[in-house]
Amino acid sequence: MDIRFEQAGARFAGRLAVEPLTISLTERRIGIIGLNGSGKTTFARMINGLVTPSMGRVTVNGVDTVDDAEAVRSQVGFIFQNPQNQIILPILREDIALGLKSRRLPAAAVEAAVQGILGRFDIGHLAGRRAHELSGGELQLAALASVLVTEPRIVILDEPTNQLDLKNRALVEATLNGLDESVLVISHDLALIADFDRVLLFHEGRLLTDGLPSEVIARYREVATL
Amino acid sequence: MNSLYVEGDSFLHRLPPGLKLLLLLAVSLALFLTRSPLFLGGAAAAGVLLYASLGIGWRQSWIRLRPILLTIAIVALATLLLESVEDGMVALLRLTTLMLVAAAVTATTPVGAFIDAVTRAALPLEKLGLVRASDIGLAVGLVIRFVPEVISRYQALRTAHQARGLKVRPTTMIVPLIIQTLKSADEIAAAIDARGIRGQKRQRKS
């Protein structure tokens, strides 16, 4: 992947949520950490054009997130903090198919892709279930399946282990480790990103530190206890 | 997230969604083309039988239909008082039949199938360059999707009131219910954008 921020920042109601920064992200597994309200989620949302930069520009594999948001979103999948909000249609099978149908694929191709992704995550038994019947871990996998079925090259996950019990956390971690796609994970779960290729630390809307997990996590612990 | 769809294998479940929507349209038109008490009474009885054939159960049916039934009762009562007893009865029978048939169609059609059917129906408009057919289908699907969600939010708010020993009043329920529903709609809109389900062009902020 090749994500570039060129003096890109985001301002909401006159306040800088993300200060302008220039950075290039090419590693396959990147973690994003920081205190609540530090700008992590806004930064991540800028990558797939959910938040457009108030200044500068953001490109993903050479495509500008403002000029061609549709093309960027076909490359960058985003999984929200609360997967309930990710699921648009009540029944899992329908929800997974929705993203494919909007691309006007033939019915047979949609069905094959849905079966394929259900098989990939071993959740075929959940196909006919409703979102509110799923456990936290199942819901996270369902959200992941609904995004990955459209074959994005990059996946952003916003606190994927938030509010999960140990069993479901392990399930999500194992799934994340098995992904072939490039991943960016926003997390307060430091163990989850401890062996990632690179970690970014945000603090008060600013990119404070950027480097290897051990160094950045150590710096985060200092910031958190100030 | 809950759903109005009820799994089953009834005759109505097996009918194609497009045909069900056409039948619903035809029934709606027929109901408003006549004032015959015999026809409207028969239609209402048929509506009850149709809905009962789905096997949803009286209690669940009451929970689902109660808000609309109350609205119909208010409309019929107002018509009766402002117009005549006959007009009140006509309004009651028409709206009740319509509610039962529409509820039966909704209970036997998954939201995804609704979206597909409406999208197909809107394709001629897309060819004329007036709309994006998939947007129309998605909009209709989202309306159906949000009905049970609003109801469950109302129930959660009512429970929160009871847990804090507060009396459930419309004045203390309506504002949080609207705010929560709008927030949820915002989040769903973001999910639709994030998943690229509805393509859109954005302008660079100045």
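The structure presented is a predicted model; accordingly, all values stated were derived computationally and were not measured.

What counts as what
Residues numbered from 1 in each chain as written. Chains lettered and ligands numbered in written order. Predicted model: local features only at pLDDT ≥ 70, side-chain atom pairs only at ≥ 80, totals over all residues. Helix = DSSP H or I, 4+ residues; strand = E, 2+ residues; numbered from the N terminus. Contact = placed C-beta atoms within 7 Å. Nonpolar A, V, L, I, M, F, W, Y, C, P; charged D, E, K, R; others polar. Pairing = 2+ DSSP bridges. Expected span 1.5 Å × (residues − 1). Buried ≥ 20, exposed ≤ 12 C-beta atoms within 10 Å, placed from the backbone. Arc of directions from axis to C-beta. Axes fitted to C-alpha atoms, helices over the stretch in contact; angles between N-to-C directions. Core = buried A, V, L, I, M, F, W, Y, C linked by C-beta atoms within 7 Å. Domains from an automatic or database assignment. Left-handed = near helix turned anticlockwise from the far one by under 90°. Parallel < 35°, antiparallel > 145°, perpendicular 65-115°, else oblique. UniProt positions renumbered as here; feature names shortened; annotations may be inferred. Right-handed = clockwise from strand over helix to strand, strands pointing away.

(A) Just the overall build of chain B, in detail. Of the regular secondary structure elements, chain B holds 8 helices and 0 strands. Reading chain B from its N end, one meets helices and strands in the order α-α-α-α-α-α-α-α. Within chain B, residue pairs in contact and separated by at least 24 positions form 69% of the contacts whose partners lie at least 6 positions apart.

(B) Representation of the interface of chain B and chain A. Facing the 25 residues of chain B at the interface are 30 residues of chain A. For the side of chain B that touches chain A, the elements supplying multiple residues, two or more each, are helix H6 (111-127), helix H7 (133-163) and helix H8 (170-194) of chain B. Residues belonging to the side of chain B that touches chain A are distributed by class as follows: 9 nonpolar, 8 polar and 8 charged.

(C) Examining the sheet that holds strand E2 (residues 15-25) of chain A more closely. One open sheet holds the 4 strands; their spatial order is E2-E1-E4-E5 (chain A), and the pairing between them is antiparallel. Lying at the two open borders of the sheet, with one neighbouring strand each, are E2 and strand E5 (63-64) of chain A.

(D) Spatial organisation of helix H4 (residues 107-120) of chain A. Residue and element names in this part refer to chain A. Helix length check: H4 (14 residues) gives 20 Å between terminal C-alpha atoms against 20 Å at 1.5 Å per residue, within 8%. Taken residue by residue, H4 has Val114, Ile117 and Leu118 as its buried positions. Buried residues of H4, viewed axially, fall in a sector of 100 degrees; they line one side. Residues Ala108, Ala109, Gly116 and Gly119 are exposed on H4 and point more than 90 degrees away from its buried face. Considering only its buried residues, H4 is in contact with helix H3 (92-101) and helix H5 (136-148).

(E) Just the sheet that holds strand E10 (residues 206-211) of chain A, in detail. All names here are of chain A. Spatially, 6 strands are ordered E6-E7-E8-E3-E9-E10 in an open sheet, and the strand pairing comes out mixed. With one partner strand each, in any of the chains shown, strand E6 (76-79) and E10 form the two edges of the open sheet. The sheet shows a mean angle of 15 degrees between the axes of neighbouring strands, taken without regard to direction. As judged from the 4 bridges shared by strand E3 (residues 29-34) and strand E8 (residues 182-186), these two strands associate in the parallel manner. What sits directly across from isoleucine 30, in E8, is leucine 184. Its contacts with the sheet place H5 against E6 and strand E7 (154-158), and it is angled at close to 160 degrees to E6.

(F) Geometry of the nonpolar core. In terms of nonpolar packing, the biggest core is built from 97 residues, with Ile32, Ile79, Ala142, Ala145 and Ile156 of chain A touching the most fellow members. The element contributing the most residues to this core is helix H5 (residues 85-107) of chain B, with 9 residues. For isoleucine 32 of chain A, the contacting residues outside a window of four places in its chain are Lys40, Phe43, Ala44, Leu184, Val185, Ile186, Leu200 and Phe202 of chain A.

(G) Representation of the domain arrangement of chain B. The domain architecture assigned to chain B consists of domain 1 (11-109) and domain 2 (133-194). On a C-alpha basis, the centroid separation for the pair domain 1 of chain B and domain 2 of chain B is 25 Å.

(H) Spatial organisation of the packing of H6 of chain B against H7 of chain B. Residue and element names in this part refer to chain B. With their axes 7 Å apart at the nearest point, H6 and H7 run at an angle of 145 degrees to one another. Every pair of crossing elements has a handedness; the one defined by H6 and H7 is right-handed. Between H6, through Val111, Phe114, Ile115, Asp116, Val118, Thr119, Ala122, Leu123, Leu125 and Glu126, and H7, the contact on the second element is made entirely by Ala133, Ser134, Ile136, Gly137, Leu138, Val140, Gly141, Ile144 and Arg145. Its residues placed into classes, the contact of H6 with H7 shows 12 nonpolar, 4 polar and 3 charged.

(I) Here's a closer look at the packing of H3 of chain A against H4 of chain A. All names here are of chain A. The N-to-C vectors of H3 and H4 enclose an angle of 130 degrees; their axes lie 9 Å apart at closest approach. By the criterion of interaxial angle, the relationship of H3 to H4 is oblique. Seen along the crossing, H3 lies across H4 with a hand that is right-handed. Across the interface between the two elements, Arg93, Ile96, Ala97, Leu100 and Lys101 of H3 pack against Val110, Ala113, Val114 and Ile117 of H4. Of the residues in the contact of H3 with H4, the class split is 7 nonpolar, no polar and 2 charged.

(J) Here's a closer look at the environment of valine 76 of chain A. All names here are of chain A. The residue valine 76 is located in strand E6 in this model. According to the C-beta neighbour criterion, valine 76 is buried, with 29 such atoms within 10 Å. With 29 residues separating them along the chain, valine 76 and isoleucine 47 place their C-alpha atoms 7.8 Å apart.

(K) Up close: the UniProt feature "domain: ABC transporter" (unreviewed entry) in chain A. The UniProt record annotates "domain: ABC transporter" (unreviewed entry) at residues 3-226 of chain A. Secondary structure across residues 3-226 of chain A comprises 34% helix and 27% strand; the distance between its end C-alpha atoms is 32 Å.

(L) Up close: the pairing of E7 of chain A. All names here are of chain A. In terms of residue burial, E7 counts as a mostly covered element, since 5 of its 5 residues are buried. The alternating pattern of E7 places Ile154, Ile156 and Asp158 and Val155 and Leu157 on opposite faces, both of which are buried. Of the strand pairs in this sheet, E6 and E7 are connected by 4 bridges, and their pairing is parallel. Directly across from glycine 77, in E7, lies its bridge partner valine 155. As judged from the 5 bridges shared by E7 and E8, these two strands associate in the parallel manner. The residue bridging isoleucine 156 from the neighbouring strand is leucine 184, located in E8. In this fold, E7 hands off to helix H6 (residues 166-177), which returns the chain to E8; that crossover is right-handed.

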